[in-house]
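Here is what each chain is made of, one letter per residue.
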There are 2 protein chains.
Amino acid sequence: MASAIGVDIGGTKVLAVRLNAAGEVEAWSKRRTPVSASDVIDAVLFSVAQVAEGADQAPETLPLGVGFPGMLDRNGTAHFCPHLHSVDGMDLRRLLAERRDPNAATVVLNDATAACWAEHSVGAARGFEDVLMVTLGTGIGGGMVAHGRLLEGGHGFAGEIGHMVIDPHGPPCPCGKRGCWERFASGDGLGRLAREAAMAGTLDCAVAAAGGDPEAVRGEHVTEAALKGQPEALAVMKEYAWWLALGLANLSNVLDPSIIVLGGGLIEAEQAVMEPLRHDFANLVEAPEARALPVLAAELGEKAGAVGAALLAAQRTG
Amino acid sequence: MASAIGVDIGGTKVLAVRLNAAGEVEAWSKRRTPVSASDVIDAVLFSVAQVAEGADQAPETLPLGVGFPGMLDRNGTAHFCPHLHSVDGMDLRRLLAERRDPNAATVVLNDATAACWAEHSVGAARGFEDVLMVTLGTGIGGGMVAHGRLLEGGHGFAGEIGHMVIDPHGPPCPCGKRGCWERFASGDGLGRLAREAAMAGTLDCAVAAAGGDPEAVRGEHVTEAALKGQPEALAVMKEYAWWLALGLANLSNVLDPSIIVLGGGLIEAEQAVMEPLRHDFANLVEAPEARALPVLAAELGEKAGAVGAALLAAQRTG
């Protein structure tokens, strides 16, 4: 493959990588995500120039892939980026391409889709043709590979798995619905489950860590308490694992992946969730005895989105 | 394409078609589904012989595709056929193939997947590359085309959309879980919603049609009353449409089809459900303004599964 650059725009950070012709990370950088949209484009190009230092090609001629946290259509226009509102409605592909060499590939796509391609190509799902990747952060992102190919959807919007409603009587979601999966099974969802337990008077250990205010309890407080073996915190993690398993089982019944890869800080930090998760998942998916379906933690960590975007840009280059 | 035969095994009927080289139905037959598994294989071969009459090839040499109501793995073994228990665990492809010409294609697959391929190839979804087909009957079946190719899944199990849990506090499902989508949005689900209304003392019109017993109310009674404009029956249909829309929105958020095709007797008989459905669906899917996403009734009716299975068998033949 060609050498290529990938950039992952998160709600808080911009992470860039340069891959060499063997697909290995040669250089990388990380900076804060700017608030305004025009600054986002500048930040991408600044990061590109940074990681291109030392490459044998000018930055604007290298294939570039950029992952954004939201729904991007097949033309590269952003439609629903709840964690980066400023880019909504912008033709991101064009805005980037017109500041680069017209012969260089410029690819934009959803960040979790990019991360899925990376885990499929060089990460935990190497060798699997049917992959479901789930990233657990503020919300839930999803990417899917079917028959060895990225599943993009008719408009480019495939993978909005966090807004699958799993309890219409559940808590309201900023999207306007009630009981979206990410209200229960994202990092924020864990925080919400923990606060419910804290308000009910259990989870004293996490409340103390949060400065004594039950409403200030976040996901980190309960995972820390669970890692120390605190029984009430373990009970919250178990409840969280059940909700996570429920959504994974729903998606497996629909898509039938051969492997599920879980990404996001929560999973990397908290292997304790994996055991109850695998148990509940086997109870919730149809015909578990007939499926070989490992549920694994992602391997590429925070660089997955940038690596996947770079790999896709390199492929488009041929 | 080659001339081919398709057979669709339902819980109650076996429907067979013979397609000519242009893909048109030249002959078809329908018979009752036998109860025992060995009789099912005999019934398939009997139907094949029946529709092959008048063809210029012997029945056992024609490409054959057979759709079954359940989960079939990629080797052709049945794993979970709740409406045709007798075949569970059987290697259906081998049992059929060993009674046919060894050079003839013998393909087995899920019935809704076969129906989806038919609607994509020659029905309501002609010309669309990303299709979601949903069949509403006793349960809910699903088939999906992505990038113009059938989505089979890693084990062959893709499309078990009826067992997507949408309300964990909902009614129990024979699969062992609670609140599966098909408890609300299948033909049986409509009957359940209608009985709930009947037991609550509304829906007198449907109760009368059911012989005066609220517990005997079925989906047909409420659709008939709704077609006559009876307000309480229309309210039940509206509730039903909301649950149907909820699951379709979930699946659209995950898969992002370009078209949704609804099949099954309920939809063919009851266009009245489509208007509230389209309204609710637009409220439940993410970024509806950015998607062209028609929701249409199937065109091929009860022959869809058999036609799709025949088309696939013909393709395998080249």
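All values derive from a computational prediction rather than experimental measurement. (Residues numbered from 1 in each chain as written. Chains lettered and ligands numbered in written order. Predicted model: local features only at pLDDT ≥ 70, side-chain atom pairs only at ≥ 80, totals over all residues. Heavy atoms only, no water.)

Student: Describe the packing of helix H3 (residues 111-122) of chain A against helix H11 (residues 304-317) of chain A, and please don't skip the residues or the numbers.
Tutor: Residues and elements named next belong to chain A. The geometry of H3 relative to H11 is characterised by a closest axis approach of 7 Å and an angle of 80° between their N-to-C directions. For the element pair H3 / H11, the angle class is roughly perpendicular. The residues of H11 that touch H3, namely those facing Asp 111, Ala 114, Ala 115, Trp 117, Ala 118, Glu 119, Ser 121 and Val 122, are Ala 304, Gly 305, Val 307, Gly 308, Ala 309, Leu 311, Leu 312 and Gln 315. Residue composition of the contact of H3 with H11, by class: ten nonpolar, four polar and two charged. (Axes fitted to C-alpha atoms, helices over the stretch in contact; angles between N-to-C directions. Helix = DSSP H or I, 4+ residues; strand = E, 2+ residues; numbered from the N terminus. Parallel < 35°, antiparallel > 145°, perpendicular 65-115°, else oblique. Contact = heavy atoms within 4.5 Å. Nonpolar A, V, L, I, M, F, W, Y, C, P; charged D, E, K, R; others polar.)

Student: Hey, could you go over the interface of chain A and chain B for me, with residue numbers and the actual values?
Tutor: At the junction of the two partners, chain A supplies 47 residues and chain B supplies 47 residues. Summing both sides of the interface, chain A and chain B together bury roughly 3700 Å²; the carbon and sulfur share of this comes to 59%. Three residues, His147(A), Val254(A) and Glu286(A), lead the burial of chain A against chain B; their summed loss comes to 19% of the area buried on that side. Across the contact surface, chain A and chain B share two salt bridges. A salt bridge links Lys177(A) to Glu286(B); its shortest N-O distance comes to 2.8 Å. Where the side of chain A that touches chain B is concerned, the elements lending two or more residues are strand E6 (78-80), strand E9 (140-146), strand E10 (149-150) and helix H8 (231-255) of chain A. The leading source of residues in the side of chain A that touches chain B is H8(A), at eight residues. Here the side of chain A that touches chain B is built from residues that sort into 25 nonpolar, twelve polar and ten charged. (Buried area = accessible area lost by both parts, 1.4 Å probe. Salt bridge = Lys/Arg side-chain N within 4 Å of Asp/Glu carboxyl O.)

Student: Tell me what's going on with the domain arrangement of chain A, and back it up with residues and numbers.
Tutor: Residues and elements named next belong to chain A. The domain architecture assigned to chain A consists of domain 1 (4-118 + 302-317) and domain 2 (127-298). A C-alpha centroid distance of 27 Å is found between domain 1 and domain 2. Facing 17 residues of domain 1, the contacting portion of domain 2 comprises 23 residues. The junction of domain 1 with domain 2 conceals about 1400 Å² of combined surface from both sides, 67% of it contributed by carbon and sulfur atoms. Three residues stand out in domain 1 for area buried against domain 2, namely Met 71, Arg 74 and Cys 116, and they jointly supply 38% of the buried area on that side. Our enumeration of links across domain 1 and domain 2 arrives at zero salt bridges. (Domains from an automatic or database assignment.)

Student: An account of the packing of helix H8 (residues 231-255) of chain B against helix H10 (residues 274-284) of chain B is needed here, citing residue identities and associated values.
Tutor: Residues and elements named next belong to chain B. Relative orientation of the contacting elements H8 and H10 amounts to 40°, with a least axis distance of 8 Å. With respect to their mutual orientation, H8 and H10 come out oblique. By crossing handedness, the relation of H8 to H10 is classed as right-handed. Note on element contacts: H10 touches H8 through Pro 276, Leu 277, Asp 280, Phe 281 and Leu 284, opposite Lys 238, Ala 241, Trp 242, Leu 244, Ala 245, Leu 246, Leu 248, Ala 249, Ser 252 and Asn 253. Tallied by class, residues from the contact of H8 with H10 come to eleven nonpolar, two polar and two charged. (Left-handed = near helix turned anticlockwise from the far one by under 90°.)

Student: Residues and numbers for H11(A), please.
Tutor: All names here are of chain A. Between its terminal C-alpha atoms H11 stretches 20 Å, which fits the 20 Å expected from 14 residues at 1.5 Å a residue. Burial within H11 is extensive, with eleven of its 14 residues counted as buried. Every buried residue of H11 is listed here: Ala 304, Gly 305, Ala 306, Val 307, Gly 308, Ala 309, Ala 310, Leu 311, Leu 312, Ala 313 and Ala 314. (Expected span 1.5 Å × (residues − 1). Buried < 20%, exposed > 50% of the residue type's maximum accessible area, 1.4 Å probe, protein only.)

Student: Residue-level account of the relation of the copies chain A and chain B, with values.
Tutor: With an RMSD of 0.0 Å, the operation that places chain A on chain B is a rotation of 180° combined with a shift of 0.0 Å along the axis. On this basis, the relationship between the two copies can be described by a two-fold rotation axis. When the interface residues of chain A are mapped onto chain B, 100% of them are again interface residues, pointing to one common binding face. (Least-squares fit on C-alpha atoms with pLDDT ≥ 70 in both.)

Student: Any chance you could break down the side chain of His120(A) for me, citing the residues and the numbers?
Tutor: All names here are of chain A. Assignment of secondary structure puts His 120 in helix H3. Here the side chain of His 120 touches Phe 128 through a polar contact of 2.9 Å, landing on its backbone oxygen. Those residues within four positions of His 120 in sequence are excluded, and the remaining contacts are Ala 125, Arg 126, Gly 127, Phe 128, Glu 129, Val 131, Val 145 and Gly 148. (Polar contact = N/O pair within 3.5 Å; in protein donor to acceptor, adjacent residues only side chain to side chain.)

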